[in-house]
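Working through the structure, step by step
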Amino acid sequence: MYRIGLVGVGKMGVSHLAIAQAHPKLDCVAVCDSQAFVLAGIRSQLGLETYRSFETMIAEANLDGVIISTPTSSHVTLAKQALVAGLAVFVEKPLTLSAADSQELAAIAAEHNLANQVGYHNRFIGTFRETQRLVEAGAIGEVHHIDGRAFGQVITQPQGGGRTWRAKKAEGGGCLHDYACHVIDLMNFVAGTPSEITGARLGQVHSTAVEDTVYALFNYPNGAVGTLETNWSDEAYRKMTTSVTVYGTHGKIFADRQECRLFLKPGHSFEKFDSGWNIRYITELQEPVSFYLRGEEYSAQLDHFAEALAGNPSPEAGTFATAADADWVVEQIAAVHASGPAPVATGAPATVEPPTKDQLVAAAKHYGAQAVGSAKALANAVGTKLKGLRS
Ligand SMILES: NC(=O)c1ccc[n+]([C@@H]2O[C@H](COP(=O)([O-])OP(=O)(O)OC[C@H]3O[C@@H](n4cnc5c(N)ncnc54)[C@H](O)[C@@H]3O)[C@@H](O)[C@H]2O)c1
């Protein structure tokens, strides 16, 4: 059993705590949170050691690893402290708010040969894993387009300055850092990291301090194009709904959490798949887990963390280094957006400059000439028709 300390018992930390408590190879022995009432509940209900200070927990609890599920802005400091103390680290997504910070964490983990993983759970969903496998194996030939999307109802009412960290940019709030990062990591997982972000627009539906929508265009080293569309203010979806479509020279693959659909063009086949549509469902692609909570992927990612602690990490699971790549894409999207025109809030009237006098004169000449031309053409056509009728 590996002794685990968990920091941050909020929305995500509660799930990690429950899964780790039930895990055959992980033993969550200590919990840290900045809120005393949270710790009082953990002590009285679970009888675990609790700490207000992360430093004290890692110094005293004799741990093998930590799970960090605090708000994103605190990840870099906590992860660095744990790595320097020689602990394996699982951090919730996104790894940090800066690609440079994430790369530094990846370097420290590599230098000390410590297990390191980020909570990008899409990598543990059978349909997405199958998509990655098929693309890597060349089932659809050379990839020329990858499209990633996610929609859900996280923010569905007007938000002012923001009561929670999610509505504050500096703390990791906003659709780009908190939501789109999942799709970006999934696209990286399936098709590799893009080399360039060529366009990006962040939009606001309800929020004022952060964005609610993210649209972006990527270039890949082989010339392929990526398109990203995410909206966390879409009431049409009850839960976060993520999909990826990959287009290749031999066919295409669409995957969401229910299905992996492979289409092979006429004359192409792969393994047991023939030309046309080949549909596989999550029920045949997902390995069962020993403890189910919210979806197999949440338990499966901690199964992997236990394997990584034992020295058997799988490359598909991702590392701090791959999470740093996702953070780089996030950073580039923010930069490309910032270099473009100011955002227009949904529903706001677009401002259009009135035409100059010269433009109006030119337009009048152009359309006047067109009108005269059209009238002559019509007269000729009518005249010809009348002549025909008379003869
Ligand atoms: N993978 C997913 O699907 C998913 C879903 C939700 C959140 N997350 C990620 O999990 C992280 C936490 O999000 P959440 O929704 O659980 O947040 P939350 O606000 O619900 O919970 C955060 C908890 O951390 C505690 N905390 C804050 N700062 C701390 C510190 N410095 N030291 C100790 N405790 C501290 C708070 O008291 C709170 O209990 C974020 O990085 C978020 O992006 C991931």
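Residues numbered from 1 in each chain as written. Predicted model: local features only at pLDDT ≥ 70, side-chain atom pairs only at ≥ 80, totals over all residues.

**With respect to the confidence of the model for the chain**
- Mean pLDDT for the chain: 90, with 86% of residues reaching 70 or above.
- Within the model, the stretch residues 347-352 combines pLDDT values under 50 with one contact to residues more than four positions away or in other chains. (pLDDT = per-residue confidence, 0-100. Contact = placed C-beta atoms within 7 Å.)

**Topic: the pairing of strand S10 (residues 225-231)**
- Pairing geometry for strand S7 (residues 143-151) and S10, over seven bridges, is parallel. Each bridged residue has a counterpart across the sheet, and for Ile146 the counterpart in S10 is Gly226.
- For strand S9 (residues 213-219) and S10, the ladder comprises seven bridges, and the chain directions are antiparallel. Within S10, the position partnered with Thr213 by the bridge is Asn231.
- Linking S9 to S10, which pair antiparallel, is a turn of five residues; within it Gly223 sits at a positive phi near 95°. (Pairing = 2+ DSSP bridges. Helix = DSSP H or I, 4+ residues; strand = E, 2+ residues; numbered from the N terminus.)

**Brief notes about the sheet that holds S7**
- Overall, mixed pairing links the eight strands, which are arranged S8-S9-S10-S7-S11-S12-S13-S14 in an open sheet. Of all strands in the sheet, those bounded by a partner on one side alone are strand S8 (196-203) and strand S14 (276-281). Ignoring strand direction, the axes of neighbouring strands in this sheet form an average angle of 10°.
- Sheet strands in contact with helix H7 (residues 175-191) are S7, S8, S9, S10 and strand S11 (241-248), and its direction is about 150° off that of S7.
- Set on the sheet, helix H10 (residues 320-338) makes contact with S8 and S9; between it and S8 the angle comes to about 70°. (Axes fitted to C-alpha atoms, helices over the stretch in contact; angles between N-to-C directions.)

**Considering the site of the ligand**
- Surveying the vicinity of the ligand reveals 23 residues, the closest of which are Gly8, Gly10, Lys11, Met12 and Glu92.
- When residues of the shell around the ligand are assigned to their parent elements, the largest contribution, three residues, is made by helix H1 (residues 11-22).
- Counted by class, the shell around the ligand contains seven nonpolar, 11 polar and five charged residues. (Near = placed C-beta within 6 Å. Nonpolar A, V, L, I, M, F, W, Y, C, P; charged D, E, K, R; others polar.)

**Some remarks on the environment of Asp185**
- In this fold, Asp185 is placed in helix H7.
- For Asp185, a count of 29 C-beta atoms within 10 Å translates into the label buried.
- Taking the C-alpha atoms as reference points, Asp185 and Ala326, separated by 141 residues in sequence, lie 5.4 Å from one another.
- Apart from the residues lying within four places of it in its own chain, the contact partners of Asp185 are Tyr120, Asn122, Gly318, Ala323 and Ala326. (Buried ≥ 20, exposed ≤ 12 C-beta atoms within 10 Å, placed from the backbone.)

**Notes on the packing of helix H6 (residues 126-136) against H7**
- Orientation of H6 relative to H7, taken along the N-to-C sense of each, is 35°, at an axis distance of 8 Å. Contacts between H6 and H7 involve Phe128, Thr131, Gln132 and Val135 on the former and, on the latter, Leu186, Phe189, Val190 and Ala191.

**What to know about the sheet that holds strand S6 (residues 116-118)**
- In space, the six strands of this open sheet follow the order S3-S2-S1-S4-S5-S6, with parallel pairing throughout. Of all strands in the sheet, those bounded by a partner on one side alone are strand S3 (49-51) and S6. Strand-to-strand twist in this sheet, taken as the mean axis angle between neighbours without regard to direction, amounts to 25°.
- Bridge count between strand S4 (residues 65-68) and strand S5 (residues 88-91): four bridges; the pairing is parallel. Paired with Gly65 across the two strands is Ala88, which belongs to S5.

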